[in-house]
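Residue-level listing of the chains:
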Amino acid sequence: MEINKEQQSKDSVFFRDGRRRIDFVLAYVDDKDGERKQEKREVYQANLEKVGLELETEDKMESEDGKTYFVKIHAPWEVLATYADVLKIKVPFKANDIPDNSEMPMNWLSTPFRLPEHIMHPEPDYFTAPFNKSKSDFFLIDDKETFFPPSTRNRIVFYILSRCSYTHEECGDRDKKGIKRLLNNGTYSAAFPLHDCRYWKKSRDPNCESERYNLYRYWAGFRSFFKEQPVNLIRKYYGEKIGIYFAWLGFYTEMLLFAAVVGTICFIYGFLTYDDNEWSREICSDEVGGNIVMCPLCDKKCGYWKLNTTCNSSWQSHLFDNVATVFFAIFMGIWVTLFLEFWKRRQARLEYEWDLVDFEEEQQQLQLRPEYETKCTNRKLNRITQEMEPYLPITTKCARTCLSGATVLFWISLIIACIIGVIAYRLAVYAAFASIMKDNPTTQLQVVGPLITPQLATSVTASCINFVIIMILNLMYERVAVWITDMEIPKTHLEYENKLTVKMFLFQFVNYYSSCFYVAFFKGKFVGFPGDYHYMFGSKLRNEECDPGGCLIELTTQLVIVMTGKQVWGNIQEALVPWLMNWWGSRKARSHPESLYSRWEQDHDLQGFGQLGLFYEYLEMVIQFGFITLFVASFPLAPLLALINNIIEVRVDAWKLTTQFRRPVAAKAHSIGAWQEILNGMAVLSVVTNAFIVAFTSDMIPRLVYMYAYQPEEKLNMKGYINNSLSVFEIAKIPLPNRPEDGENPFWFNSSITTCRYRDYRYPPGHEKEYSHTMQFWHILAAKLAFIIIMEHVVFIVKFFVAWMIPDVPSDVRARVKRERYLVQEYLHNYEVEKLKVQLSHNNHEECTCTPMIYPSLPKHEVLSECL
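The residue numbering used here restarts from 1 in each chain and proceeds along that chain's sequence as written. Only residues with pLDDT of at least 70 get local features here, since the model is predicted, and only at 80 or more are side-chain atom pairs given and counted; chain-wide, interface and lining totals rely on the full set of residues. Excluded from the side-chain calculation are hydrogens and water; included are all heavy atoms of the structure.

## Some details on the sheet that holds strand β2 (residues 54-58)
At step 1: Strand order in the open sheet formed by 4 strands is β2-β3-β1-β6, with antiparallel pairing between adjacent strands. Where the open sheet ends on each side, the last strands, each with one partner, are β2 and β6 (190-192). For this sheet, the mean inter-axis angle between neighbouring strands, taken without regard to orientation, is 15 degrees.
At step 2: In this analysis, strands are considered paired if DSSP registers two or more bridges between them. Numbered from the N terminus, helices here are DSSP runs of H or I no shorter than four residues, and strands are runs of E no shorter than two. Both strand β1 (residues 24-29) and β6 contribute to a ladder of 3 bridges, which runs antiparallel. Each residue of the ladder has a partner; that of A27, found in β6, is A190.
At step 3: Should any heavy atoms of two residues lie within 4.5 Å, those residues are considered in contact. Simply put, an axis is a line fit to the C-alpha atoms, just over the touching stretch for a helix, and the angle between two N-to-C directions goes from 0 to 180 degrees. Against the sheet, helix α1 (residues 34-50) makes contact with β1, β2 and β3 (68-74), and its axis sits at roughly 165 degrees relative to β1, the strand it touches most.

The structure is reproduced here in structure tokens:
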């Protein structure tokens, strides 16, 4: 019968009869290899019907491109109830009667940031229990068609699709099953659940929830950037896994606000104390900086130079290298602990509210990956379930793990090789910049001229090259990481994601942070001195020096370029790429009447979210978390940049998920998984890195040692510090290969200048210990090590004390969990008693009307003690 599509709503999520809901859609196109694929499809769809699913096919003639078939799938009540029992899906059995006492004092202040109640709490709060098909009348079932929400329905259908075979039973080929394999070999072109309506307007069907429209209106719009997120609605529509990501991202963004405020105050302090900076005044003065002749910074191509040429970089360095930096580094060590501890509490509350308290065991035992079941031909007895289950022999597992580890190490080595290449570029190009810029017309520019120095040019170009290398290696490694994780054949979805998470993070950690570690802890530390310079791996490339302004400003430059570059590029890529692909893919459909553009065709033209879509979102945020914790002592404004990015990130992610992607299959997750341990590890590492940055990269400790121990006038000021921090070398003793070539020296240099200065603490020429380290050098080194030990111990003691003081699970949540367990036991017990009473009364309604004693009512305290 020909269907009049003009009468069929374009927003329809129902079969042609208008009653049965479409829970999943499969799409396919006939091609050259059509016969074999058609046979697979017929067998697969027949097997789906055998397990109880109902199918309806849309012919290609009715699709907008005229070549795509759509198979609509509906799961009837019997199938849903059976698999809800198998998957132990929790469903409501009683309205929650525990009063909500979570009202905050001065709650009216948060009114502008709130969303309407029906958006924040789209469904009432119930006590829940795992569904049991044999006890279906125990649960609050008003309407079987709407009892399971669409997200649960599509999760159940996907579970069936993932395990259904596409061969006849008599073939016995266990490997040939699952929708994932059929998508990979092109039998189907897509498989997805449907969005419930168009995102910009509600569905005309009164039976349709139009939750996508509500999400777009209240969550995905940039005008809502200051509003709270409707995490309960996100969870209801997309499932717990996506819901918990956005809950974490929102909480992280809220906590960043405190770090951003303190970091901005520290930056303002540096700006306000700009004029009190004694050592910068000395560098810029003609009497001190103008009379100090510095030794060449590179061989042959660099001439002698005066210290006051670094005047601008010295002032800039003070903005970040001041006393407030130490305070902020300590503050961030404590902030990280507070963030992680408060997140655990927030996560515990979500676990309770979203019925995920006992989820871990279900995840491990029930959600074996179909790939694991098909590839593991060996079977052994499970001691817990006493059933035979697939397993991977230990020898095979070890071999695959070793190969995987070797691959990861190879790629990490490749990154390190690239970083060494960038360092070699810095060394080789510095001399060229120094020679070119000596007489460059840019030096005559009024404002930016003095800022464009060989050091800055080298640093910026090297950082940009490094950023490009990072992006290229990322694209290449992503595929390798997925391939080697597939090769390991993880048992469960959770194990798969954890393995992939560790591999990707190790790679990204080295990729993004290695250049920052080089500038922070290696550059300028192994230079030598004019008579005995050190070279890179025995080459002709002399190791880089820090200029007298310090290496901290260069670390800041590196951090800003890589961090902001990654965030800007990431947001453009996330928003623009799917939009352009969708625009191009739906260009033909836009010319058709709206009534002919059906709901499944609209969703088919969107991008697939992918199994690892959320994984990349977490990875992006965790890398950012590393930038604002590991190197925050060099750039107090990093949390502010991260805050601005995250406010945009939340809405970009919401917008693309709601408008540009097909609806993902709902998945459960009770936490952020392996990312929690990664964040904990970075929190500990950040204390160490910031202590080392303050001690070895900034000039804070040498200045304090000078002020308190070496100030000649015994006053607590920095007068004379610059002269004290520079050692003297006799020009005549500089080896010929290190001397500047003819024409490289400035016009003011002549033979009357017999010495030059360099950044170190060594005895002058003529001293009995000439050019060996002075006692001040060892005092400063001792002070640096003492500072690291003291700072680390202080921060770690405060961290552990804070972690001990703040319980992971709020007391009211713990009480609610116990109350719910008690009620489940009590209500199930009463239900069984009543059921038995009814059963016995039917059997013996004339002989006996007494209470059956074979199932006595237990006292309440016995039930309570049993569940606790």
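Read on, since the account is not over.
## Section: the state of the cysteines
When the sulfur atoms of two cysteines share a covalent bond, that bond is a disulfide.
At step 1: Whenever a pair of cysteine sulfur atoms sits within 2.5 Å, that pair is classed as a disulfide. In this structure the tally under the stated criterion is 3 disulfides.
At step 2: The disulfide partner of C284 is C311, and the gap between their sulfur atoms is 1.8 Å. Taking the torsion about the sulfur-sulfur bond, which here is approximately 100 degrees, the covalent link between C284 and C311 counts as right-handed. On the criterion of sequence distance, the pair formed by C284 in helix α10 (residues 278-284) and C311 in helix α11 (residues 311-320) is long-range, its members being 27 residues apart.
At step 3: Exposure classes here rest on a 1.4 Å probe applied to the protein chains alone. A residue is buried below 20% of its type maximum, exposed above 50%, and partly exposed in between. Using a relative accessible area of 18% as the deciding quantity, one classes C311 as buried.
At step 4: Bridging C295 to C756, the disulfide has an S-S length of 1.9 Å. Because the sign of the S-S torsion sets the handedness, a value of about 85 degrees for the bond joining C295 and C756 places this disulfide among the right-handed ones. Linking C295 in the loop between β7 (293-294) and β8 (305-306) with C756 in strand β14 (residues 755-759), this pair joins segments that are 461 residues apart in sequence. Grouping residues by exposure puts C295 and C756 together as buried.

## Some remarks on helix α21 (residues 638-660)
At step 1: The span one expects for a helix is its residue count, reduced by one, times 1.5 Å. Its 23 residues place the ends of α21 30 Å apart at the C-alpha level, agreeing with the 33 Å of an ideal helix rising 1.5 Å per residue.
At step 2: In terms of burial, α21 is largely enclosed, as 17 of its 23 residues are buried.

## Concerning unusual backbone geometry
At step 1: The phi dihedral of S210 falls on the positive side, at around 55 degrees, and the residue is not glycine.
At step 2: Relative to the assigned elements, S210 resides in the loop between β6 and α7 (211-220).
At step 3: A positive phi angle, close to 60 degrees, is found at D355, a residue other than glycine.
At step 4: Note on placement: D355 falls in the loop between α12 (323-353) and α13 (359-366).
At step 5: The class for D355 is buried, based on a relative accessible area of 16%.

## Looking at the nonpolar core
At step 1: Residues grouped as a nonpolar core are buried Ala, Val, Leu, Ile, Met, Phe, Trp, Tyr and Cys residues, joined through side-chain atoms within 4.5 Å. Judged by nonpolar contacts, the single largest core of 144 residues is most densely connected at W219, W248, Y252, W335, F339, Y513 and F627.
At step 2: Look past the residues within four positions of F627 in its chain and what remains in contact with it is Y512, Y513, C516, L559, V562, M563, K566 and V632.
At step 3: Ranked by size, the runner-up nonpolar core spans 45 residues in total, among them Y28, A84, L87 and C164.

## Quick look at the pairing of β1
At step 1: For β1, a buried count of 5 out of 6 residues is recorded, marking the element as mostly surrounded by other parts of the structure.
At step 2: Where β1 lies against β3, 6 bridges are found, and the strand directions are antiparallel. Of the residues in β3, the one forming a bridge with V25 is K72.

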